[in-house]
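Coordinates in review
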Amino acid sequence: MMLRTCVLVASVTFFGLRVSAQEVTTPLMLPPAAMTMNGARHALDRLTFGPRPGEIQVVHDIGVNRWIALQLSPQSIPEPAALTQALAALPDTQRSDADLYKQEVMLRRDKSDDGQAERKEFTKNITQQVMTAHFDRALLTDRQLQEVLTNFWFNHFNVFLNKGFDHVWVGNYENEAIRPYVLGNFRTLLEATARHPAMLFYLDNWQNSAPGSRGAKGKEDGLNENYAREVMELHTMGTLGGADGGYTQKDVTELARILTGWGLRTRPERGSFRGDVRKPDFTFAFDASRHDYGDKQFLGFTIKGQGWQEVEQALSILATHPATAKHLSYQLAQYFVADQPPQALVDRMAETWVKTRGDLSAVMRTLLESPEFWAPEAASNKYKTPFEYVVSSLRATGVTPSDPQPLFGQLRQLGQPIYGIETPDGYKQVEAAWLNPDAMARRLSFATALGSGRLGKDQVSIDQAGLRSTLGQTLAPQTEKALAAGDPRLKTTLLLGSPDFMYR
Amino acid sequence: MNRRHFLFASAAATAGLALPFGRDGWITRAAESDASHKRLVVIFLRGAVDGLSVVVPYGDDSYYGARRSIALKPPGRDGGVLDLDGHFGLHPALAPLMTPWRGGSLAFVQACGSPDPTRSHFDAQLYMENGTPGRGATADGWLNRLLAALPGPRGPTQALSFGPQMPRILSGPQIVANIALGQAAEKPLAVDRPGVSEAFAQLYGGDDKMSRAFQQGMAARQQMAADMSAQNSAMMSDDREQMAANNGAPLPQGFPDDAARLARMMRQDPSIRVAFLALGGWDTHIGQGNAEGQLANRLKPLGEGLSKLVTGLGPSFQDTLIVVMSEFGRTVHENGNGGTDHGHGTVMWLLGGDVIGGKVHGAWPGLAEDRLYQQRDLAVTSDFRAILGPAVSRHLHLPEGTASALFPGAPNVTGGGAPVLIRA
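All of the points below concern the structure found in this document. Along every chain, residues carry numbers that run from 1 in the direction the sequence is written. Chains and ligands are labelled by the order in which they are written, letters from A for the one and numbers from 1 for the other. Local features in this predicted model are restricted to residues whose pLDDT is 70 or higher, and side-chain atom pairs enter the listing and the counts only when it is 80 or higher, whereas totals over whole chains, interfaces and linings include all residues. Computation of side-chain values: all heavy atoms of the structure, hydrogens and water removed.

This next bit is on the sheet that holds strand β3 (residues 82-83) of chain B. Read across the sheet, three strands follow the order β2-β4-β3 (chain B) without closing on themselves; strand pairing throughout is antiparallel. Strand pairing shows two members of the sheet lacking a second neighbour, β2 (55-56) and β3 of chain B, which therefore form its edges. Strands are treated as partners if at least two bridges between them are detected by DSSP. Only DSSP runs of H or I with at least four residues qualify as helices, and only runs of E with at least two residues qualify as strands; both kinds are numbered from the N terminus onward.

The next point concerns the environment of P75(B). Residue and element names in this part refer to chain B. Note on placement: P75 falls in the loop between α4 (63-66) and β3. The spatial distance from the C-alpha of P75 to the C-alpha of L90 is 9.1 Å, given a sequence separation of 15 residues. For this analysis, residues touch if any pair of their heavy atoms sits within 4.5 Å. The contacts of P75, once residues within four sequence positions are left out, are Y58, V81 and D83.

Before going further, it helps to examine unusual backbone geometry. Within the chain, R357(A) stands out as a residue other than glycine whose phi angle is a positive 55 degrees. For H397(B), which is not glycine, the phi torsion reads 50 degrees and is therefore positive. Mapped onto the secondary structure, H397(B) falls in the loop between α13 (384-396) and α14 (402-406). Look at H397(B) and you get partly exposed, because its relative accessible area is 42%. Burial classes: relative accessible area under 20% of the type maximum marks a residue as buried, over 50% as exposed, and values in between as partly exposed (1.4 Å probe, protein chains only).

For this analysis, a ring pair means two rings from Phe, Tyr or Trp (six-membered ring only for Trp) whose centres lie within 6.5 Å, classed as stacked if their planes differ by under 30 degrees, edge-to-face if by over 60, and tilted for the remaining angles. Overall, the coordinates contain 31 aromatic pairs over all chains when judged by the stated rule. Judged by centre distance (6.1 Å) and plane angle (65 degrees), the rings of Y389(A) and F446(A) are edge-to-face. You can see Y389(A) sitting in helix α19 (residues 386-397) and its partner F446(A) sitting in helix α22 (residues 437-451), a full 57 residues away along the chain. A ring pair is formed by W142(B) and F407(B), whose centres lie 5.1 Å apart and whose planes are at 50 degrees; its orientation type is tilted. Separated by 265 residues along the polypeptide, W142(B) in helix α7 (residues 142-149) and F407(B) in the segment after α14 bring together distant segments of the chain. For the residue pair W142(B) and F407(B), the accessibility class agrees, reading buried in each case. Each member of the aromatic cluster is reached from another via a ring pair, and the members are F152(A), W153(A), F157(A), F186(A), Y335(A), F336(A) and W353(A). Looking at K384(A), its charged tip hangs above the ring of F501(A), at a distance of 3.6 Å from the centre. Put simply, a charge is over a ring when the Lys NZ or the Arg CZ is close to the ring centre, within 6 Å, and near the line of the ring normal, within 35 degrees.

What follows concerns a negative patch on the surface. All names here are of chain A. Only residues whose relative accessible area exceeds 30% and that form no salt bridge enter a patch; like-charged residues are grouped when within 9 Å of one another, and nonpolar side chains (Val, Leu, Ile, Met, Phe, Trp, Tyr) when within 5 Å. In these tables, accessible area is a Shrake-Rupley quantity obtained with a 1.4 Å probe, and a residue counts as shielded only by the protein chains included in the view. Salt bridges are defined as contacts in which a side-chain nitrogen from Lys or Arg sits within 4 Å of a carboxyl oxygen from Asp or Glu. Within this scheme the basic residues Lys and Arg register as positive and the acidic residues Asp and Glu register as negative, but His and the chain ends are omitted. Every charge is mapped to an atom, namely NZ of Lys, CZ of Arg, CG of Asp or CD of Glu. Taken together, the side chains of D110, D113, D114 and E118 present a region of like negative charge at the surface. Inspection of the secondary structure puts D114 in helix α7 (residues 113-140). On the accessibility criterion, D114 (63% relative accessible area) is exposed.

Here the focus is the interface of chain B and chain A. Each partner contributes residues to the interface: chain B has 50 residues there, and chain A has 59 residues. Summed over both partners, the accessible surface that disappears when two parts come together, traced with a 1.4 Å probe, is what is meant by buried area. Buried surface at the junction of chain B and chain A, both sides included, amounts to about 4,300 Å², of which 56% is carbon and sulfur. When the area that chain B buries against chain A is broken down by residue, the three leading residues are F122(B), L203(B) and M210(B), summing to 15%. At the boundary of chain B with chain A, the tally comes to two salt bridges. We call two N or O atoms a polar contact when they sit within 3.5 Å, provided that within protein one can donate a hydrogen and the other can accept it, with sequence-adjacent residues counted only if both atoms are side-chain atoms. Viewed at the interface, chain A and chain B are joined by 20 residue pairs in polar contact (both at pLDDT 80 or more). The set of elements that each furnish at least two residues to the side of chain B that touches chain A consists of α6 (121-130), β7 (177-179), α8 (194-203) and α9 (209-234) of chain B. Polar here means any residue outside two lists: the nonpolar Ala, Val, Leu, Ile, Met, Phe, Trp, Tyr, Cys and Pro, and the charged Asp, Glu, Lys and Arg; Gly therefore counts as polar. Here the residues of the side of chain B that touches chain A are counted per class, giving 20 nonpolar, 19 polar and 11 charged.

So, about the pattern of salt bridges. Counted by the stated rule, this structure contains 43 salt bridges over all chains. For D258(B), the salt bridge goes to R261(B), with nearest N and O atoms at 2.9 Å. Here D258(B) and its partner R261(B) are both found in helix α11 (residues 255-268), three residues apart, which amounts to about one turn of the helix. Relative accessible area serves as the criterion here: at 1%, R261(B) is assigned to the buried category. Through salt bridges with shared partners, one network takes in E225(A), R229(A), R119(B), R376(B) and D377(B).

The subject of this paragraph is the side chain of S171(B). Residue and element names in this part refer to chain B. Following the sequence through the fold, S171 ends up in the loop between β6 (159-162) and β7. On the basis of relative accessibility, which here comes to 14%, the residue S171 falls in the buried class. Discounting residues that sit within four places of it in the chain, S171 has contacts with A139, D140, G141, N144 and M166.

All names here are of chain A. For helix α20 (residues 405-413), every residue scored as buried is listed here: Q405, L407, F408 and L411. Buried residues of α20 fall within an arc of 155 degrees about the axis and therefore sit on the same side. Buried residues belonging to α20 abut α7, α19, α22 and β5 (454-455). Where α20 terminates, the next one or two residues include G415, which has phi positive at roughly 100 degrees. Think of it as the arc spanned by the lines of direction from the helix axis to the C-beta atoms.

All right, on to the nonpolar core then. F135(A), W153(A) and F336(A) are the most contacted members of the largest nonpolar core, which has 163 residues in total. In terms of residues, this core owes the most to one element, α7(A), which gives nine residues. Discounting chain neighbours no more than four positions away, the residues touching F135(A) are F387(A), V390(A), V391(A), L394(A), P401(A), P404(A), L407(A), F408(A), L411(A) and I418(A). Only buried Ala, Val, Leu, Ile, Met, Phe, Trp, Tyr and Cys residues count toward a nonpolar core, and they belong to the same one when joined by side-chain atoms within 4.5 Å. The next biggest cluster of nonpolar side chains, apart from the first, holds 51 residues, and it includes L45(B), F255(B), V347(B) and W349(B).

If you want it as structure tokens, here you go:
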């Protein structure tokens, strides 16, 4: 386990100042309201996992438009040493999917007590490491917008840690299929997820086979439409268009046919492979011997039977489909602006999507330059999810836990364990899902523990003025009143448990 | 008495919160009306359970042809179904339920479902929870609307939901308590400490949504702490050990413990009128299995839990209706991977003292190719609303016309044509 010190952040180095000489993007065109202290707070609330002490002032001084432009260009932002050191202490998170798979299989083969104990240890270890890496990045990275988007898109293309082999792949999936593409083209992101073993396994497409085909045998002799359906319903087009969302059961079945043989290299001798043929087991592979080579009718297009190229065509159709543009613009606007996002904004984002063929950076610019994003009614109107609540509270108090494991248990109790949602729709991003009586009691209990300086085994000290500075200039009247009337020893607790801190 | 429970109970009791609800007041008034003893428990199987493997149509000529590897054998064979009525048989993993079946308190409605054609889990669940198929915008859930219609006074634990998120079915203006799954439900929290709860009561003393959530949460914790401390002293010690052993188990493996906990709470606290619990893991696209395997492994704890709920409720079982439902069924034909894909009709289960049980209700559409919905799925012959509307109304003695408030726009919701499932 890594060793870290519990620190009170006395001073924070801000990347924005360090890299100002090498700005690579044009500052955004923002309304005047954005360039104020309130604008800086709003930007930090929405585009990061929460402001750190003093950070609102710094972003304001850099210029909110320049700061956002930098965030849209994450490669230009150096990572802090605290993060690179923390990640270096998690070596399994850097390993390839194939390498991890091989170790898992090797351990599974050893049925002795020792072997099983070793496998259990490996599972526990890899699980802790990937969760820790995920948590540390959110807490520590200076590429905050990239990380917020990584969480958003991971959740969008959700896979579940506890399904089969997915515990060995989930970290690799996030690092290789999600994070590099969150500000790139959606088509690339979509295919990266479509080809990753974590997804192929999670939504079963690795077994999807043309019935009666040459390679179809035993448990792999027929269609499996699980992935085909979810890729349309959840990943791309959605069901906004009505009961069948602009597509029909026939389209689902046709896409399942297109996807036959698109899977994992389960046997070395099998099929022809796209990608690196030297890679060993359970990496992405296209198995021609299980593919349906008939022509397909998909969303009004005729797709000639020819192999893996059909999948490429189908993904292109899906990525640029107007229903996809609308569905995903809605979801982004819901995450970044309001639970019920303004339709006009969604429409403009969808227009950008169609015009740029799914350039996510351009779509984000449309969102961030919109008057809707900066409207007064959008400020502090998003109820934090448990993950956002916990991470933002640590950022606001300047606390880095020496061991984040107890926090993972907290997140489970709060209903949002890391990589822990079983269903492919991911966690809900709206208040209605998270604001409820039990959740309030649990959040306030977390606030009480942290507020009184206890975090797992750590004793931490909290800079109350710094915490106060993360909440912006004004507090809700009820918060001011409770602070004035309450036990002074509970001030930090009350601030962390205040309505002001529950929203971002 | 377990010290932890004692601390929890006494902390909540001495917190001195100005709460609008009182347990004693409720109990006094509860005795006034017989109807107020009636309870409803809804268990939702998220992920679309294969109804054809729960209540198996072994007598249907097309059943075995459609399911090469996952069919269940007829009664009397090794791993065969438990005969229900000569045509249908129960999955053998659900053997504990043969007791209420024979006792006449367990009924099934086969080929039940939603009129909406969606095969999306999430849309279909939403429609079954908000009670308006095809209309996603309905903001509240039908169980919350039901609470509004329930005669009698209100209490902080009038409705209980298990799990950290509020499900759509219970969303709405009426008060609902939620409780953690597993043993975490019984652990005290920092917010239960008197000084802390007083400070937050000051902060959340208003009438805004967060204040209401806080107040309801604390009132429910106070009530549940009292219930649990009372039951804790009565609880068998082996029960406690077993609960500890299963702490944090994934669903539905943890269901038997949660069901036992629910039964104890309901027995202890007569103000609990409605309870809801969701179980996942039914989306069996690959390797579904038959008498054994993935689905059997999920059904087994479900059957055990239901059985524990029945016995744990004791005499209150007579006043309880337990509904088990799922968003849709699965394809009649097994797919290429020994699994099933998303289908349409499925089976609804009803269990309770006034259920007309020992019978598989509903018109059986058959599994012949020309009888299937869109040439692939079990057709829906009973609209879930036409089953639940009358059954729930009759069981809970709801005022005339309530069913159409639960399921606005539903045809036949007052029961015309649908099977009668609840004794008058």
